[in-house]
Amino acid sequence: MANYSSILSEELFFSLIDHITQMVVGVEKIIGIYSHPDKEELCGISLEYRNNKLQEHVLNLSNLEGKIDNIRQQTSSYKWLDKNQIPFNTAVNSKVQLNIFDEYEHLVLLVALPGDNMLKDILMIYFKDDINSFGVQHQKSSLSTDNKSIIGQLVSGSVNSYCNLYAKEKAQMNRFVQKTQNILSAQRTDNEDTIRKKQLEEVIYSYANEYIQKRNESEGVNYVYSEEAVRKIKNYVGAFSNFKQAIEEAVDYAQMIITDVTKVIQAEFIQYITDVNSELNYSSNNDSIALPLRLQKVYDFMERLEAACISVNKSKLNLTGVNVGGAMDTPISAAAISDYTSKNRERINTLFDQYPEKWSFSKNNFKSIINISVQNHSSLRNWS
């Protein structure tokens with residue numbers, strides 16, 4: 001059986017309530033009572049139709065644990081209750097005192113959620129005692145025992161299936177996140193080989209592709225990534241939480257600005273928050289030589305930066321960070337250039353010392369690189 005201790009109870013309960021209201025016609029109120037996995041206390045939520053809208057309340061269950069425990073000790077998956085079996089009241093967090101089991105002409109179906117504990121988390125579903133409430137065209141009459149048995153089995157079976165599916169998907173996502181984080185952690189080491197990098201790219205892209213497929217199904221549109229976006233996704237380096245957020249926001253952005261049924265997610269829609277390195281293309285240039293991995297990345301960046309500076313100069317544009325970043329083969333922002341050169345100042349100066357003939361145009365004309373060179377010389381004079 002699935003382990004439900006790791007499930008966020010509020011998330012599961014609200015999902016179940018939404019599921020039940022869509023599945024069954026005639027529900028007027030649903031109450032959920034559950035043991036909070038973190039707070040170690042009994043919690044309750046209630047959704048009730050008022051003015052044709054479901055209104056949510058948080059139930060105050062203080063000093064009622066003993067009475068509630070009597071109905072939480074369920075050996076069967078469901079049970080029909082009446083007002084004589086639930087003789088207590090409770091209040092919601094509002095000025096109005098509400099009876100959790102009020103005197104309306106309702107039948108109450110108690111459904112026990114799956115789990116190994118003796119005291120079950122439960123849902124109580126309020127129906128009117130009228131078979132017409134269930135969408136059945138019939139002369140007005142109360143629900144028979146057979147009616148109740150069918151409805152109880154149908155609802156409890158659906159709830160149990162929903163919980164099992166929820167737990168399975170939650171566990172699968174946790175395994176996916178853990179595996180991805182493990183791969184990302186391994187990828188950051190200098191000894192990462194080509195096979196591992198390829199595996200990482202496929203895992204990252206698999207998640208991104210799976211996400212848009214789910215959005216396609218739920219929204220009835222066709223999200224696709226451009227070729228540049230696919231490359232940007234596969235070259236990502238950083239925390240998985242940042243990547244997940246960036247993909248979700250990119251799809252949301254495409255949804256807002258593109259009116260066609262097919263919505264192409266461009267590379268620039270994907271904005272990574274803290275990972276400047278993800279903007280870089282780490283494939284080695286033909287004229288690059290063997291260097292330690294981190295120095296090789298900086299070497300490749302300087303090659304691209306030098307080419308962009310020369311291109312901007314030939315176009316008779318000002319040699320600003322905005323123009324240079326826009327002229328790079330994979331455009332990046334001026335802030336990204338500044339941040340990257342600042343974080344890699346020592347490595348850049350190491351390369352300047354090793355290859356004094358390289359990158360002469362940017363060293364003499366582009367302010368971000370001039371400042372690094374000047375600071376390096378100032379440091380040497382202080383030590384002389």
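Residues numbered from 1 in each chain as written. Predicted model: local features only at pLDDT ≥ 70, side-chain atom pairs only at ≥ 80, totals over all residues. Heavy atoms only, no water.

**Some words on a nonpolar patch on the surface**
Worth spelling out the cut-off: Surface patches are drawn from residues lacking salt bridges whose relative accessible area is over 30%; two like charges belong together within 9 Å, two nonpolar side chains (Val, Leu, Ile, Met, Phe, Trp, Tyr) within 5 Å. Note on areas: Shrake-Rupley, 1.4 Å probe, and residue coverage restricted to the protein chains presented here. The term salt bridge refers to a pairing of a side-chain nitrogen on Lys or Arg with a carboxyl oxygen on Asp or Glu at a separation within 4 Å. Helix and strand definitions follow DSSP, with helices as H or I runs of at least four residues and strands as E runs of at least two, each counted in order from the N terminus. Any residue under 20% of the maximum accessible area for its type is buried, any over 50% is exposed, and the rest in between are partly exposed; the area is computed with a 1.4 Å probe on protein chains only.
Together, Tyr253, Met256 and Ile257 give the surface a local cluster of nonpolar side chains, amounting to about 330 Å² of exposed area. For Met256, the location among the structural elements is in helix α6 (residues 240-257). The exposure class assigned to Met256 is exposed, which follows from its relative accessible area of 65%.

**As for the layout of surface pockets**
Unfilled space is identified by rolling a water-sized probe across the atoms. Spelled out, the test is: Points on a 1 Å grid, built from protein atoms alone, make a cavity when a 1.4 Å probe fits but cannot get out and make a pocket when they are open with protein on both sides within 12 Å along at least 5 of 7 lines; residues with an atom within 4 Å of a point are the lining residues. Grid points are joined across faces, edges and corners, and a volume is the space filled by probe spheres set on the points. Nonpolar residues are Ala, Val, Leu, Ile, Met, Phe, Trp, Tyr, Cys and Pro. Charged residues are Asp, Glu, Lys and Arg, and all others, Gly as well, are polar.
Empty space within the largest pocket amounts to approximately 650 Å³. Considering the residues around the largest pocket, the lining is formed by 18 residues, among which Glu169, Lys170, Met173, Glu210 and Lys214 are closest to the centre. The set of elements that each furnish at least two residues to the lining of the largest pocket consists of α1 (9-23), α3 (145-187), α4 (194-219) and α6. The element best represented in the lining of the largest pocket is α3, accounting for eight residues. Among the residues making up the lining of the largest pocket, the classes are represented as seven nonpolar, three polar and eight charged.

**What about the nonpolar core?**
Cut-off, in case you're wondering: Nine residue types can take part in a nonpolar core, namely buried Ala, Val, Leu, Ile, Met, Phe, Trp, Tyr and Cys, and a core is a set of them joined through side-chain atoms within 4.5 Å. The contact definition used throughout considers only heavy atoms, calling two residues in contact when any of these lie within 4.5 Å.
Tyr225, Ile233, Phe243, Ile247, Ile265 and Ile270 are the most contacted members of the largest nonpolar core, which totals 28 residues. When contributions to this core are tallied by element, the ones reaching two or more residues are α3, α4, β8 (222-225), α5 (227-234) and α6. If near-sequence neighbours (up to four positions away) are discounted, Phe243 is found in contact with Ile204, Tyr207, Ala208, Ile233, Tyr236 and Tyr272. Counting residues in hydrophobic clusters, the runner-up holds 25 residues, among them Leu12, Val24, Leu107 and Leu123.

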